[in-house]
Amino acid sequence: MRLDRELACQEVVELVTAYLDHALSPADRERFEEHLVFCDGCSTYLDQMRETIAATGRVQLEALPPGLEARLLEAFRGWRTA
Amino acid sequence: MEEQLLSREDTRLVEGLRAGDEAAFKELMRLYGPAMLRVARMYVSSRAVAEDVVQDAWVGVLRGIGRFEGRSSLKTWLFRIVANTAKTRGMREARSIPFSALAGEDEAAVDPDRFLGADERFPGHWAVPPEGRVLAAEALDVIERAIERLPPAQRTVITLRDIQGLSAEEVRNALDLTETNQRVLLHRARSKVRSALEEYMR
Amino acid sequence: MIAYKFLQAGAVGPFTGFRWPVGEWVEAAGVDPCLQGVHACRVRDLPFWLGRELWEIELAGAVVEQNRKLVAERGRLTQRIEAWDEGVAQEFGRFCARRTRRRVGFLPVLSGFVADVERFGAQRRIAIAGFAAARAAELRDGPAAYEEERRAQAAWLAERLGLGDGGADNARA
């Protein structure tokens, strides 16, 4: 991804996911971090994104619908006795 | 790194399933069942069809479990079977699913109104910067609701990456997505969830 | 080789959260395997990385020069540069404001930057004060002026903090 020397905040927020995945090129990563040094808004944004990801990690998915699980169990029982 | 892919837990589950152990079945469904449904839902038009897909995929899992060698993680393998089953089913409903349809609308991570315009001294910089933390103990249902509202593909990727903890590569392998496409979906999903939290904290 | 490093309070890395031990060699892989090395500043890089604490750092192994920093295999914090403190940071802010006033203070539209730089300084947001000063220079006189402003900032820091080789390094920049 080719970027201008100066990253504006509006571009920085689009790069956050790639940054956290260590997927930015060294040059882009440098521009990104350089921006964070002086921009409180974007530093906060990055912190908020980290918090969001951590919180999402604590979500417990709703269990499978019981009807579906019962059908899967039936298939399992059928398979193991076959 | 290759040899470590099948964790002890995965190994126990696989051996349990092969032995016909119902406790292993229950554990597998607890750990991965809901995400399997989400993966299916990414490719088909309704929840009901997604359930059928999971059922079909499960038959495939049982047929393949004897041969499963652990070259990928158990999760990746499971989700890939579901994705492939769903895609086949989905293709009977529509010819194919272009990425643009999967990914949802092209939206900015943050409302453009939050930034200064082109004629300002600092164009593109924050006009209304984010402040403070987005975290609250009761925020989990805000997150869940935000995820529920996502387009299916975004919902699936954030589920697999951030809830189930798959790596970027595992998700790419399971869903047969390019690295870029996987990241775009994740990016849009996370941006919406963060916005929902920010809104809630205000 | 000797270089410099800005860290957060407690010698903590601003992007990794890594707590640097003083006087001990740190291997890049030990910090974060995804990082390509220990990051450090040449004198001319200082204005871009301003932080709470300034340290002198010794680098060893292969050292790569990037656009705005050095990346090394190993690094060791040798001493804290105590001269860099809140007071000097404020002085730096005022330095940037003076230069901005001289360059654009009399111009319509761009003169707005003077108040920006002064306000950032008053808010103790020194890094963005420096950025705004360089941006004002660029808008008046082009991209070369941005670099020139940053060099002037680096030179000021080097002299004010008594950093070695500042002149020679800046001449090469």
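Residues numbered from 1 in each chain as written. Chains lettered and ligands numbered in written order. Predicted model: local features only at pLDDT ≥ 70, side-chain atom pairs only at ≥ 80, totals over all residues.

Draft legend 1. The overall build of chain A, seen in detail. Within chain A one finds 4 helices and 0 strands. Secondary structure elements of chain A, listed N to C terminal, follow the sequence α-α-α-α. Expected size for 82 residues packed as a compact globule is a radius of gyration near 12 Å; at 22 Å, chain A overshoots this value by more than 25%. Along the longest, intermediate and shortest principal axes, the C-alpha atoms of chain A span 65 × 25 × 15 Å. In chain A, which comprises 82 residues, the share counted as buried stands at 37%. (Helix = DSSP H or I, 4+ residues; strand = E, 2+ residues; numbered from the N terminus. Rg over C-alpha atoms; globule rule 2.2 N^0.38 Å. Buried ≥ 20, exposed ≤ 12 C-beta atoms within 10 Å, placed from the backbone.)

Draft legend 2. Structural detail: the overall build of chain C. Assigned secondary structure in chain C consists of 6 helices and 5 strands. If you list the helices and strands of chain C from N to C, you get β-β-α-β-β-β-α-α-α-α-α. For a compact globule of 173 residues, the expected C-alpha radius of gyration is about 16 Å, and chain C comes in at 17 Å, within 12% of that figure. Each of the three principal axes of chain C carries a C-alpha extent, and together these read 50 × 30 × 30 Å. Scored against the burial criterion, the 173 residues of chain C give a buried share of 39%. Intrachain contacts of chain C at a sequence separation of at least 6 include 58% that bridge at least 24 residues. (Contact = placed C-beta atoms within 7 Å.)

Draft legend 3. Representation of the interface of chain A and chain B. Across the boundary between the two partners, chain A contributes 38 residues, which contact 43 residues of chain B. Taken together, the elements giving at least two residues each to the side of chain A that touches chain B come down to helix H1 (9–20), helix H3 (40–56) and helix H4 (66–81) of chain A. For the side of chain A that touches chain B, the element with the highest residue contribution is H3 of chain A, accounting for 11 residues.

Draft legend 4. Inspection of the interface of chain C and chain A at higher detail. Taken together, the 13 residues of chain C in the interface contact 9 residues of chain A. Per-class residue counts for the side of chain C that touches chain A are 8 nonpolar, 3 polar and 2 charged. (Nonpolar A, V, L, I, M, F, W, Y, C, P; charged D, E, K, R; others polar.)

Draft legend 5. Quick look at the domain arrangement of chain C. All names here are of chain C. Domain annotation for chain C reports domain 1 (2–80) and domain 2 (86–172). Distance from the C-alpha centre of domain 1 to the C-alpha centre of domain 2: 24 Å. Counting from both sides, the interface comprises 7 residues of domain 1 and, opposite them, 15 residues of domain 2. Tallied by class, residues from the side of domain 1 that touches domain 2 come to 5 nonpolar, no polar and 2 charged. (Domains from an automatic or database assignment.)

Draft legend 6. Summary view of the nonpolar core. In terms of nonpolar packing, the biggest core is built from 67 residues, with Tyr4, Ala40, Val117, Ile128, Ala129, Ala132 and Ala133 of chain C touching the most fellow members. Counting residues per element, this core draws most heavily on helix H4 (residues 126–141) of chain C, at 10 residues. With 53 residues, the next largest nonpolar core counts Leu64 of chain A together with Leu37, Val157 and Val193 of chain B among its residues. (Core = buried A, V, L, I, M, F, W, Y, C linked by C-beta atoms within 7 Å.)

Draft legend 7. The arrangement of helix H2 (residues 26–38) of chain A in detail. Between its first and last C-alpha, H2 of chain A extends 19 Å over 13 residues, near the 18 Å set by a 1.5 Å rise per residue. For H2 of chain A, the complete set of buried residues consists of Arg31, Phe32, Glu34, His35, Leu36, Val37 and Phe38 of chain A. Summarising the contacts, the buried residues of H2 of chain A are in contact with H1 and H3 of chain A together with H4 of chain C. (Expected span 1.5 Å × (residues − 1).)

Draft legend 8. Inspection of the environment of Gly64 of chain B at higher detail. Residues and elements named next belong to chain B. When you line up the elements, Gly64 lands in helix H3 (residues 47–64). Gly64 sits in the exposed class, given 12 other C-beta atoms within 10 Å. Remark: the alpha-carbon pair of Gly64 and Lys75, spanning 11 residues in sequence, is separated by 14 Å.

Draft legend 9. Local environment of the pairing of strand S1 (residues 2–7) of chain C. Residue and element names in this part refer to chain C. S1 sits mainly inside the fold: 5 of its 6 residues count as buried. Where S1 meets strand S4 (residues 53–65), 6 bridges bridge the pair, whose relative direction is antiparallel. In the strand pairing of S4, Ile2 is matched with Glu58. (Pairing = 2+ DSSP bridges.)

Draft legend 10. Looking closely at the pairing of S4 of chain C. Bridge analysis of S4 of chain C against strand S5 (residues 70–80) of chain C gives 9 bridges, and the strand direction is antiparallel. Within the sheet, the bridge partner assigned to Leu59 of chain C lies in S5 of chain C and is Gly75 of chain C.

Draft legend 11. Quick look at unusual backbone geometry. Located in the positive-phi region is His22 of chain A, a residue other than glycine, with phi close to 55°. Residue placement: His22 of chain A occurs in the loop between H1 and H2. Unusually for a residue other than glycine, Asp176 of chain B sits at a positive phi of about 55°. Structurally, Asp176 of chain B is set in the loop between helix H8 (168–175) and helix H9 (179–201).

Draft legend 12. The packing of helix H3 (residues 112–122) of chain C against H4 of chain C, seen in detail. Residue and element names in this part refer to chain C. The interhelical angle for the contact between H3 and H4, taken along N-to-C directions, is 165°, at an axis separation of 8 Å. Considering their axes alone, H3 and H4 lie roughly antiparallel with respect to each other. Crossing angle aside, the handedness with which H3 passes H4 is left-handed. Note on element contacts: H4 touches H3 through Ile126, Ile128, Ala129, Ala132, Ala133 and Ala136, opposite Phe113, Asp116, Val117, Phe120 and Gly121. Residue classes in the contact of H3 with H4 are distributed as 9 nonpolar, 1 polar and 1 charged. (Axes fitted to C-alpha atoms, helices over the stretch in contact; angles between N-to-C directions. Parallel < 35°, antiparallel > 145°, perpendicular 65-115°, else oblique. Left-handed = near helix turned anticlockwise from the far one by under 90°.)

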